[in-house]
Amino acid sequence: MQKIAVIGAGTMGNGIAHVFAQNGFKVNLIDVADAALQKALQTIGKNLDRQVTKGTVTEAQKADTLANITTFTSIEQGVQQAELVVEAATENVNLKLKIFQELDQFAPAGAILATNTSSISITKIAAATKRPGKVIGMHFMNPVPVMKLVEIINGYATEKEVSAAIVTLSEKLGKVPCVVNDYPGFIANRILMPMINEAIYSLFEGVAGVNEIDTVMKLGMAHPMGPLQLADFIGLDVCLSILNVLHDGFGNPKYAPCPLLVNMVTAGYLGAKSGEGFYKYTPGSKDLVVSDRFSR
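In this text, all values refer to a predicted model and were calculated from it rather than measured experimentally. (Residues numbered from 1 in each chain as written. Predicted model: local features only at pLDDT ≥ 70, side-chain atom pairs only at ≥ 80, totals over all residues. Heavy atoms only, no water.)

Draft legend 1. Broad picture of the overall build of the protein chain. For the protein chain, the count of helices and strands is twelve helices and ten strands. With the principal axes as the frame, the protein chain shows a C-alpha extent of 55 × 45 × 35 Å. The buried share among the 296 residues of the protein chain stands at 46%. In the protein chain, once contacts between residues fewer than 6 apart in sequence are set aside, the share between residues at least 24 apart is 65%. The distance from the centre of the 25 positive side-chain charges to the centre of the 26 negative ones in the protein chain is 3 Å. (Helix = DSSP H or I, 4+ residues; strand = E, 2+ residues; numbered from the N terminus. Buried < 20%, exposed > 50% of the residue type's maximum accessible area, 1.4 Å probe, protein only. Contact = heavy atoms within 4.5 Å. Lys, Arg positive; Asp, Glu negative; His and termini not counted. Charge placed at Lys NZ, Arg CZ, Asp CG, Glu CD.)

Draft legend 2. Focus on the domain arrangement of the protein chain. Domain boundaries in the protein chain define domain 1 (3-181) and domain 2 (187-291). For domain 1 and domain 2, the distance between their C-alpha centroids amounts to 26 Å. The interface is formed by nine residues belonging to domain 1 together with seven residues belonging to domain 2. Buried surface at the junction of domain 1 and domain 2, summed over both partners, amounts to about 610 Å²; 58% is from carbon and sulfur atoms. Considering only the surface of domain 1 that becomes buried against domain 2, S118, S119 and E151 emerge as the three largest contributors, covering 51% of it. Linking domain 1 with domain 2 are zero salt bridges, by the criterion used here. If you look at where domain 1 meets domain 2, you find three residue pairs in polar contact (both at pLDDT 80 or more). When the residues that make up the side of domain 1 that touches domain 2 are grouped by side-chain class, the tally is three nonpolar, four polar and two charged. (Domains from an automatic or database assignment. Buried area = accessible area lost by both parts, 1.4 Å probe. Salt bridge = Lys/Arg side-chain N within 4 Å of Asp/Glu carboxyl O. Polar contact = N/O pair within 3.5 Å; in protein donor to acceptor, adjacent residues only side chain to side chain. Nonpolar A, V, L, I, M, F, W, Y, C, P; charged D, E, K, R; others polar.)

Draft legend 3. Summary view of the pairing of strand β5 (residues 112-115). Taking every second residue as pointing to the same face, both faces of β5 are buried, with I112 and A114 on one and L113 and T115 on the other. Here strand β4 (residues 84-87) runs beside β5; their pairing, made up of four bridges, is parallel. When the sheet's bridge partners are listed, V86 is paired in β5 with A114. Where the polypeptide runs from β4 across helix α5 (residues 93-106) and back to β5, its parallel neighbour, the crossover connection is right-handed. Taken together, the three bridges between β5 and strand β6 (residues 135-140) define a ladder with parallel strand orientation. Opposite L113, over in β6, you have V135 as the bridge partner. (Pairing = 2+ DSSP bridges. Right-handed = clockwise from strand over helix to strand, strands pointing away.)

Draft legend 4. Spatial organisation of the UniProt feature "domain: 3-hydroxyacyl-CoA dehydrogenase C-terminal" (unreviewed entry) in the protein chain. Per the UniProt record, "domain: 3-hydroxyacyl-CoA dehydrogenase C-terminal" (unreviewed entry) is annotated on residues 185-281. With 63% helix and 2% strand, residues 185-281 has end C-alpha atoms that lie 28 Å from one another. (UniProt positions renumbered as here; feature names shortened; annotations may be inferred.)

Draft legend 5. Region of the structure containing the pairing of strand β8 (residues 176-181). Bridge count between strand β7 (residues 149-154) and β8: six bridges; the pairing is parallel. Each bridged residue has a counterpart across the sheet, and for V150 the counterpart in β8 is P177. Handedness of the β7-helix α7 (residues 160-172)-β8 crossover: right-handed.

Draft legend 6. Local environment of the packing of helix α2 (residues 34-54) against helix α3 (residues 59-67). Two elements in contact, α2 and α3, have axes whose closest approach is 10 Å; the angle formed by their N-to-C orientations is 160°. By the angle class used here, α2 and α3 are roughly antiparallel. Pair α2 / α3 crosses with right-handed handedness. For the pair formed by α2 and α3, the contact residues are L41, I44, G45, L48, D49 and V52 on the first element and E59, K62, T65 and L66 on the second. In terms of residue class, the contact of α2 with α3 is built from five nonpolar, two polar and three charged. (Axes fitted to C-alpha atoms, helices over the stretch in contact; angles between N-to-C directions. Parallel < 35°, antiparallel > 145°, perpendicular 65-115°, else oblique. Left-handed = near helix turned anticlockwise from the far one by under 90°.)

Draft legend 7. Structural context of the pattern of salt bridges. Across all of its chains, the model carries nine salt bridges by this definition. D49 serves as the salt-bridge partner of K62, at 2.6 Å between the closest nitrogen and oxygen. In this pair, K62 is assigned in helix α3 and D49 in helix α2, connecting sequence segments 13 residues apart. Owing to a relative accessible area of 17%, K62 belongs among the buried residues under this scheme. Among the ionic pairs, K96 bridges to E91, the shortest N-O distance being 3.7 Å. By relative accessible area, which is 22% here, E91 ends up partly exposed.

Draft legend 8. Up close: helix α9 (residues 210-221). Between its first and last C-alpha, α9 extends 16 Å over twelve residues, near the 16 Å set by a 1.5 Å rise per residue. All buried positions along α9 are accounted for by V210, I213, D214 and M217. Across the axial projection of α9, the buried residues extend over an arc of 90°, all falling on one side. Among the exposed residues of α9, those pointing more than 90 degrees away from its buried face are L219 and G220. Turning to α9, the residues buried within the fold contact α8 (188-204), α10 (227-234), β9 (279-280) and β10 (289-290). Of the residues trailing α9, A222 is marked for its positive phi of about 60°. (Expected span 1.5 Å × (residues − 1). Arc of directions from axis to C-beta.)

Spelled out as structure tokens, the structure:
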């Protein structure tokens, strides 16, 4: 596989396009908004500049990487010759089902259709196509150029050859693939989200403050980032969505999202991307400041 199409030019999509292009693949980056595509190219360029500064990439390699990316605002045009399509659109099941119906219609019959979903059923997405055996989960971690893990999720009908091909491809990208089966939350979020939810419950119930909770997990458990800061980084709306998938999928009350999380999302406090969650975020500043709502 040398011709890759990536659907969605947001944080995950541009990171996935970056990694493929840097490793010599021809990438069609597709988004309905041209402004999003231009912003993605700027982001990729800035991230490559950081790599140049660190000495991990040369100026020539940066130029080659950017030259490997072509942008499209049409799925039909962007996937016509793709051997692999990686969907990285918003974590919305109805949107993903619509996209996969279009991919099934316009992508070559032999193309593998992958989704970067962090929690939505691969089997359900595959059922929206006439090629369920060629649908698979390819869950990259954020930030994609830095994080080594790719969680590969086999749907109920995913062909063994397709799974093996995606494992090999992930290794060619310098990633470490981990193959799991298709159940709510897969592995990464089935374990991570209950931990984040419990941290939010601990704050909600007054057991400890934001800084104390994160400090305990960083210094006591050697986590590079505390669970509340990590929730802000992921996006509290995304965390809520994944917890709802777990709760609905298993029907177990232990996955019920904390009321505090629900209220914060409803009020628009989504974490770093909205400027405030458990912490306050000021453009250009790396200082970690607890939100006034949780200051003691």
